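Summary of structural features
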Amino acid sequence: MLHKHLCTAVCSALILLCTPAAASAQTLRSDMQKLYGVATELFGYAWDEAKFEDPRSTSRINELLEELSTDFHEVRQDAPIEMFEPGFEAILKTTQETLSDIKRRFKEGDRDYARWQLRGLTSNCIACHSRMDVKSDFAGKIPLPEDDSFESRLASAEFLMATRQFDRASDALFRLATGSGNKFPGEHDAFRALKLWLVIEARVKNRPAASTSKLKSLIEMDKFSDEQEDAINQWIEDLSIPAAKKPSLQSSRKLLAPVIDATAVQEHEKHLVTTLRATSELHELLASKLDMDQRRGATFLLAVAYNCVPILSFEVYRPLYLERTIRMFPRSEEAQKAFVMYQEYLEFMNSGSGGVHLENEDMKRLRELRHLAFGKPELVIPDTFRF
């Protein structure tokens, strides 16, 4: 059902992820339109469960997945990796591998799993495409849901966000959060939509006056819980704080101060504006020329920041930047702190009623990362590794 829409974001997200700076403007425009065309058609199939499962659609969906993989590979080869911050290359590689797995699973008939994988790729797209301010939105057509359910409308808004149609996505998400024209979805779903809306307003568009006005109108609706209203009021206050004229480690640390030692999700939600601004600053900072100490500090701080963003679409970045810190700066204090955080994250994600259950591959990676972070096994702090 809803998850199928993620199929499109896979493609669309990659449109801008891989902008080849060296290519001519015409070539870039052509590449983007081509990828977007594949994404849009796949979205049409993925949106409709019956159509997606129909054996008569199999051949065309396989063709589209193959075309997407080929086109993405070509764009990836042209991507100016050296111009982006650490983690960008890892995301490209991971996305390519996942796309290959999706193709294989779909051909084998495991469509439920393929759709689940596609959902994850949509999140990658949203997380990467919303990293910082953009000069202009991508111009594409608006996908319309087959039904008027909250999940279908959210899927449509996420597609717009993944394809960098931010103004349209912002309008769609805010309408969802208010229940405009529809029954109010309930405080939980409305707040989900509102957090994604805030990503656009605080991290991409940076229009505090307009954003604040809309948030104040939400408070007047009196449809959110006390905790959610506290968070919204804090967003209003934080949006009024002027952005730093020039990104720096100092300004990013200041923005992250309220959440850096906080563990409660409510605290992370409450200070989402400043955390999102910090991630944007750090992405911009890491794309510039830095000395080794600054780059190490900024990479680790970005990992810490993403561990404080309570939005599912950003989940992919939580372990990614922790791992990048360890691999890029082995045996450093930041690498050692990142390893502890990485292990705790992995254990949390693999915990159930029977305790922690890690796959052999996870345990192998943990051992590798521990060795990189601390050096020889005998030098490892005894309580740092539990397997």
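Residues numbered from 1 in each chain as written. Predicted model: local features only at pLDDT ≥ 70, side-chain atom pairs only at ≥ 80, totals over all residues. Heavy atoms only, no water.

**Section: the confidence of the model for the protein chain**
- Chain-level pLDDT for the protein chain is 80 on average; 73% of the residues reach the 70-or-more range.
- For the protein chain, helix 1 (residues 6-17) is the element with the lowest average pLDDT, namely 38, and helix 11 (residues 226-239) is the one with the highest, namely 97.
- Per-residue pLDDT stays below 50 along residues 1-25; that stretch engages in 82 contacts with residues further than four places along the chain or on separate chains.
- Predicted confidence for residues 378-383 stays below pLDDT 50, and this span has four contacts to residues more than four positions away or in other chains. (pLDDT = per-residue confidence, 0-100. Helix = DSSP H or I, 4+ residues; strand = E, 2+ residues; numbered from the N terminus. Contact = heavy atoms within 4.5 Å.)

**Notes on the environment of Ser213**
- With respect to the helices and strands, the residue Ser213 is situated in helix 10 (residues 208-221).
- Distance in space between the C-alpha atoms of Ser213 and Ile236 is 8.6 Å, their sequence separation being 23 residues.

**Quick look at the nonpolar core**
- By size, the foremost hydrophobic cluster in this structure holds 73 residues, and its most contacted members are Met161, Leu173, Leu194, Leu215 and Trp235.
- Those residues in contact with Leu194, other than ones at most four positions away along the chain, are Phe174, Ala177, Leu215, Leu218, Phe224, Ile232 and Trp235.
- Residues Val38, Leu42, Ala46 and Leu68 belong to the second largest nonpolar core, which totals 13 residues. (Core = buried A, V, L, I, M, F, W, Y, C linked by side-chain atoms within 4.5 Å. Buried < 20%, exposed > 50% of the residue type's maximum accessible area, 1.4 Å probe, protein only.)

**Considerations on the side chain of Thr274**
- Within the secondary structure, Thr274 is located in helix 14 (residues 272-286).
- Assessed through its relative accessible area of 6%, Thr274 is described here as buried.
- Thr274 has contacts with Asp238 and Leu255, leaving out every residue within four places of it along the chain.

**Considerations on the environment of Met292**
- Note that Met292 resides in helix 15 (residues 292-306).
- Judged by its relative accessible area of 53%, Met292 falls in the exposed class.
- Taking the C-alpha atoms as reference points, Met292 and Phe329, 37 residues apart in sequence, are found 9.2 Å from one another.

**Let's talk about the packing of aromatic side chains**
- Here the structure, examined in full by the defined rule, presents nine aromatic pairs.
- Centre to centre, the rings of Phe191 and Trp235 are 5.5 Å apart; their planes meet at 15 degrees, and the pair counts as stacked. Here the residue Phe191 occupies a position in helix 9 (residues 187-205), and Trp235 occupies one in helix 11, the gap between them amounting to 44 residues. Of the two residues, Phe191 and Trp235, both sit in the buried class.
- By the ring-pair criterion, three or more aromatic residues cluster together here, those being Phe184, Phe191, Phe224 and Trp235. (Phe/Tyr/Trp six-rings, centres within 6.5 Å; stacked < 30°, edge-to-face > 60°.)

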